[in-house]
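So the chains spell out like this:
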Amino acid sequence: MRVLGIETSCDETSAAVVENGSKVLSCVIATSKQDFQRLGGVIPEEAAREQLKSILPVLSETLRSADATNNDIDAIAVTYGPGLLGSLLVGTSTARVLASVWKKPLIGVHHTLGHLSSTWLTDELENTVDTPIFPVLTLSVSGGHTDLWYRRSHTVGKLLGSTRDDAAGEAFDKGAVLLGLPYPGGPMLEKLARGGDAKKFKFPRPLSKEDTLDFSFSGLKTSLKYLLRDMPKNSVSSVPEAALSSIAASYQEAICTHLSHAASTALDRYPETREIHIVGGVAANGRLREHMKTLAETHGIRLRTPSTLRYCTDNGAMIAAAGTFLVAELPASLHQSFETVASQDLRSILSDPS
Ligand code: KG4
Ligand code: ZN
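Predicted, not measured: the structure shown is a model, and the values here were computed from it. (Residues numbered from 1 in each chain as written. Chains lettered and ligands numbered in written order. Predicted model: local features only at pLDDT ≥ 70, side-chain atom pairs only at ≥ 80, totals over all residues. Heavy atoms only, no water.)

(A) Local environment of the coordination of the zinc ion (ligand 2). Coordination of the zinc ion (ligand 2) by the protein comes from His111 (NE2), His115 (NE2) and Asp314 (OD), over a distance range of 2.1 to 2.2 Å. Each of the four donor atoms bound to the zinc ion (ligand 2) contributes to angles spanning 89 to 132 degrees, and the resulting shape is tetrahedral. Of note, the zinc ion (ligand 2) draws all its donor residues from one chain, in the sequence arrangement H-x3-H-x198-D. With His111 and His115 both in helix 4 (residues 111–117), this residue pair falls four residues apart, about one helical turn. Of the residues examined, His111 reaches a relative accessible area of 7% and is grouped as buried. The class of His115 is buried, set by a relative accessible area of 1%. (Donors = N, O, S within 2.8 Å, 3.2 Å for Na, K, Ca; no water. Tetrahedral: all angles 85-135°; square planar, octahedral: opposite > 155°, others 65-115°. Helix = DSSP H or I, 4+ residues; strand = E, 2+ residues; numbered from the N terminus. Buried < 20%, exposed > 50% of the residue type's maximum accessible area, 1.4 Å probe, protein only.)

Structure (structure tokens):
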């Protein structure tokens, strides 16, 4: 089954052709992120305007580089939400028109289910990569969410914990701002942390007194703010580079320890888990990967991350994959009528395994 996936929920415009939910024949991602760099965040109307301009060129390039025409496509999958409404509408309207003109079935995909499917994607020409084995514990970490999922199949899963305030990516981004780094801060903070001493500064472990798999990052950000305020001359610019690097390393360590601690508790509760996956933009973080690798080795199970960094951030391939899995497990999804929605809890479309 060859699915054309379309993703426009935030500031990316992406399309991809994916075979059997795994083999990526092409994936094109256009982003207006750099336009928002100097403004420090996305402006929804601007993002949608850019997406309107890029959606058709992105689609033609996707088909061209897959060496495919509409005759080679079996279905179209599109993100219907959650996300920025104007941006989502660019994708869903385009997908509806294409499905009608090409006479193809349309599959509406929840954005988070797309991220959860991103570890199934491969660029390998020969589909030799082994596919993941359920049950899977997935840590989904991006600028918008921080969720821990236990899944028995693509559509049977339980949300074990999620953030009560900032998302993990936001913790990186807001920390980066405090450290005087540019937007988006996650990769810059990771770079600054390299070579720093992660044990030099102490940060409290959030929610350590509670029996919960939830996350909370706002306290860490406040601790960082006070730490920098109490530095001599109370200005980031006067802190020596080595000290700044150790502050970044210690802050990053606190975020990663909080995330991996919850994953470790979840593995104790669900010992039948076969694999741990990390998905979303923060899955690109090297230190988080090291933490989770150690955890996976301790439990004798496999750690999987998206096969390239492109599949960590928003992309059409993960939407095509999720669309394929939805149809395989819930065939009615193929002719599903859906609304474009700014918010929706993924739990409303998954069955609870317990
Ligand atoms: O999934 P994504 O592209 O967009 C959504 O939020 O949906 O994730 C972007 C987030 C940003 O907060 C960014 O700072 C963070 O992922 N990020 C990182 C790294 N690369 C991206 N955070 C920490 N370390 C990284 N290397
Ligand atoms: Zn996303």
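(B) Quick look at the pattern of salt bridges. As enumerated under the stated definition, the model contains 20 salt bridges in all. As a salt-bridge pair, Arg164 and Glu210 come within 2.9 Å of each other at their nearest N and O atoms. Placement of Arg164 in the loop between strand 8 (157–162) and helix 5 (168–178) and of Glu210 in the loop between helix 6 (185–193) and helix 7 (218–229) is noted, with a sequence separation of 46 residues between them. The residue Arg287 makes a salt bridge to Glu253 at a minimum N-O spacing of 2.8 Å. In this pair, Arg287 sits in helix 9 (residues 286–298) while Glu253 sits in helix 8 (residues 241–269), placing the two residues 34 residues apart along the sequence. (Salt bridge = Lys/Arg side-chain N within 4 Å of Asp/Glu carboxyl O.)

(C) Up close: the packing of aromatic side chains. Taken as a whole and judged by the stated rule, the model has six aromatic pairs. Aromatic pair Phe215 and Phe217: ring centres 6.4 Å apart, planes at 10 degrees, arrangement stacked. Accessibility expressed as a relative area gives 0% for Phe217, which makes it buried. Three or more aromatic residues link up through ring pairs in this structure, and these residues are Trp120, Phe134 and Phe325. In this structure, Arg96 packs its charged tip against the face of Phe338, placed 4.4 Å from the ring centre. (Phe/Tyr/Trp six-rings, centres within 6.5 Å; stacked < 30°, edge-to-face > 60°. Lys NZ or Arg CZ within 6 Å of the ring centre and 35° of its normal.)

(D) Fine view of helix 9. For helix 9, spanning 13 residues, the distance from its first C-alpha to its last is 19 Å, which sits close to the expected 18 Å at 1.5 Å a residue. Taken together, the buried positions of helix 9 are Leu288, His291, Met292, Leu295 and Ala296. All buried residues of helix 9 project into a common sector of 135 degrees when viewed along the axis, lining one side. Exposed residues pointing more than 90 degrees away from the buried face of helix 9 are listed as Glu297 and Thr298. Looking at the buried residues of helix 9, the elements they touch are strand 6 (136–141), helix 8, strand 9 (275–279) and strand 10 (302–304). (Expected span 1.5 Å × (residues − 1). Arc of directions from axis to C-beta. Contact = heavy atoms within 4.5 Å.)

(E) Geometry of the pairing of strand 4 (residues 75–81). Summarising burial for strand 4: seven of the seven residues are buried, a large majority. Bridge count for strand 1 (residues 2–7) against strand 4 is four bridges, and the pairing is parallel. For Val3, the partnering residue across the bridge sits in strand 4 and is Ala75. As defined by bridge partners, strand 4 adjoins strand 5 (residues 106–110) across five bridges and the pair is classed as parallel. By the bridge assignment, Ile76 is partnered in strand 5 with Leu106. (Pairing = 2+ DSSP bridges.)

(F) Quick peek at the sheet that holds strand 6. Taken together, five strands build an open sheet; the order of strands is 8-7-6-9-10 and the sheet is mixed. Since the sheet does not close on itself, it has two edges, and those belong to strand 8 and strand 10, each with one partner. For this sheet the average axis-to-axis angle between neighbouring strands, irrespective of direction, equals 20 degrees. Note that strand 7 (residues 146–151) and strand 8 share five bridges and pair antiparallel. Note on strand 8: the bridge partner recorded for Leu148 is Gly161. (Axes fitted to C-alpha atoms, helices over the stretch in contact; angles between N-to-C directions.)

(G) Spatial organisation of the sheet that holds strand 2 (residues 12–19). Read across the sheet, five strands follow the order 3-2-1-4-5 without closing on themselves; strand pairing throughout is mixed. Edge strands, defined here as strands with exactly one partner in the open sheet, are strand 3 (23–31) and strand 5. Looking at each pair of strands side by side, their axes are set apart by 20 degrees on average, direction ignored. On top of the sheet, helix 2 (residues 44–65) reaches strand 1, strand 2 and strand 3; it is set at about 25 degrees to strand 2, its chief contact.

(H) Here's a closer look at the packing of helix 6 against helix 8. In the contact formed by helix 6 and helix 8, the axes pass within 7 Å of each other and the chain directions differ by 120 degrees. Taken together, the axes of helix 6 and helix 8 are oblique relative to one another. Pair helix 6 / helix 8 crosses with left-handed handedness. Where helix 6 abuts helix 8, its residues Leu189, Glu190, Leu192 and Ala193 lie against Glu241, Leu244, Ser245, Ala248, Ala249, Tyr251 and Gln252. The residue makeup of the contact of helix 6 with helix 8, split by class, is seven nonpolar, two polar and two charged. (Parallel < 35°, antiparallel > 145°, perpendicular 65-115°, else oblique. Left-handed = near helix turned anticlockwise from the far one by under 90°. Nonpolar A, V, L, I, M, F, W, Y, C, P; charged D, E, K, R; others polar.)

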